[in-house]
Amino acid sequence: MTQSFRSDIRAVVLTISDRCSRGEQVDLSGPAVCQLLEAAGVRTMTTETLPDELDLIAEGLRRHAGDAALIVTTGGTGLAPRDVTPEATKLVCERLIDGLAERMRADGLLHTSFAALSRAVCGTLGGTLIVNLPGSPAGAKSSLQAILPVLPHALDLLAGRTAHPEASWSNGNQH
């Protein structure tokens, strides 16, 4: 069962890219992520583009966590020397949610073997969920779609709404 986002959910989409932050490349991933979130019912979104700088990414995550329930980053999750989004995310997160990152990589492997190179992490900072997505538009969309069905419930739990919706499992059992 897919849950809908609450109407008061505020999300932030951070594009992490040196070239986009300098205006040398048009950001395609950030708008693609926003479009998916909007289609899923997120009504309030802020976007920002940051360079691949650990301190600036960490500061941006901390700043936006003050008033957003969900922060989604796109970019900086690969193996290039300046790909530091996971390090910045780990630096600010109080808890990591390995299952979300595992789900994104598992889904990605259905599309490309390069998904195994993703270092994306997901975690929490206070009541905010932070999700790292790949920088390519296709990878960002695919990864977000893989976890989108569970995000509303995750946000509810972080907000203290701990009632569990009826879950259906792939083997048909109800829990």
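Residues numbered from 1 in each chain as written. Predicted model: local features only at pLDDT ≥ 70, side-chain atom pairs only at ≥ 80, totals over all residues. Heavy atoms only, no water.

Peer 1: Where do I start with the pattern of salt bridges in this structure?
Peer 2: Think of it this way: side chains of opposite charge can pair up when their charged atoms draw near. With the rule as written, the count across this model stands at nine salt bridges. Ionic pairing is found between Arg82 and Asp18, a salt bridge with its closest N-O pair at 2.6 Å. In this pair, Arg82 is assigned in the loop between β3 (70-74) and α4 (85-92) and Asp18 in helix α1 (residues 18-21), connecting sequence segments 64 residues apart. A relative accessible area of 37% means that Arg82 is categorised as partly exposed. Judged by relative accessible area, Asp18 falls into the buried class, the value being 12%. Through salt bridges with shared partners, one network takes in Asp18, Glu53 and Arg82. (Salt bridge = Lys/Arg side-chain N within 4 Å of Asp/Glu carboxyl O. Helix = DSSP H or I, 4+ residues; strand = E, 2+ residues; numbered from the N terminus. Buried < 20%, exposed > 50% of the residue type's maximum accessible area, 1.4 Å probe, protein only.)

Peer 1: What is the right way to read the nonpolar core from this model?
Peer 2: A general trend in soluble globular proteins is that nonpolar side chains are found buried together. Residues Val33, Leu37, Leu70, Val131, Leu133, Leu144 and Leu151 are the most contacted members of the largest nonpolar core, which totals 26 residues. Of all the secondary structure elements, the ones that give two or more residues to this core are β1 (10-16), α2 (29-39), β3, α5 (98-109), β6 (128-133), α6 (137-147) and α7 (151-158). Counting residues per element, this core draws most heavily on α2, at four residues. The contacts of Leu133, once residues within four sequence positions are left out, are Val33, Val72, Thr73, Thr74, Gly75, Thr77, Met104, Ala140, Ser143 and Leu144. Val12, Leu14, Ile57 and Ala88 belong to the second-largest nonpolar core, a separate cluster that totals 16 residues. (Core = buried A, V, L, I, M, F, W, Y, C linked by side-chain atoms within 4.5 Å. Contact = heavy atoms within 4.5 Å.)

Peer 1: Explain the environment of Ala39 here, please?
Peer 2: Here Ala39 shows up in helix α2. By relative accessible area, Ala39 is classed as exposed at 72%. C-alpha separation for the pair Ala39 and Arg6, spaced 33 residues apart in sequence, amounts to 13 Å.

Peer 1: Would you mind going over α4 with me for this structure?
Peer 2: Residue pairs spaced three or four apart in an α-helix point in one direction, given the helix's 3.6 residues per turn. Every buried residue of α4 is listed here: Thr85, Pro86, Ala88, Thr89 and Val92. Viewed along the axis of α4, the buried residues span an arc of 160°, placing them on a single side of the element. Tucked inside the fold, the buried residues of α4 contact β1, α3 (54-65), β3, β5 (122-125) and β6. (Arc of directions from axis to C-beta.)

Peer 1: For this particular structure, what's the right way to read the packing of α3 against α4?
Peer 2: The relative placement of two packed helices is expressed as an angle between their axes plus a distance between the axes. Closest axis-to-axis distance for the α3/α4 pair is 9 Å, and the angle between their directions is 45°. Relative to α4, α3 is oriented oblique. Considering the relative orientation of α3 and α4, their crossing is right-handed. Across from Leu54, Ile57, Ala58, Leu61 and Arg62 in α3, the residues of α4 making contact are Thr85, Glu87, Ala88, Thr89, Leu91 and Val92. When the residues that make up the contact of α3 with α4 are grouped by side-chain class, the tally is seven nonpolar, two polar and two charged. (Axes fitted to C-alpha atoms, helices over the stretch in contact; angles between N-to-C directions. Parallel < 35°, antiparallel > 145°, perpendicular 65-115°, else oblique. Left-handed = near helix turned anticlockwise from the far one by under 90°. Nonpolar A, V, L, I, M, F, W, Y, C, P; charged D, E, K, R; others polar.)

Peer 1: What should I look at first to understand the side chain of Thr73 in this one?
Peer 2: Secondary-structure assignment places Thr73 in strand β3. Here Thr73 falls in the buried class, since its relative accessible area comes to 0%. Those residues in contact with Thr73 that lie beyond four places of it in its chain are Leu14, Ile16, Leu61, Thr85, Val131, Asn132 and Leu133.

Peer 1: Looking at this structure, I do not really get the layout of surface pockets. What am I missing?
Peer 2: Any space left empty among the atoms is revealed by the rolling of a water-sized probe across them. Roughly 790 Å³ of internal volume is contained in the largest pocket. Along the wall of the largest pocket there are 40 residues; nearest its centre are Gly75, Thr77, Pro134, Gly135 and Ser136. Of the residues assigned to the lining of the largest pocket, the class counts are 14 nonpolar, 19 polar and seven charged. (1 Å grid on protein atoms, 1.4 Å probe; cavity = no way out; pocket = protein on both sides within 12 Å on 5 of 7 lines; lining within 4 Å. Points joined across faces, edges and corners; volume = space filled by probe spheres on them.)

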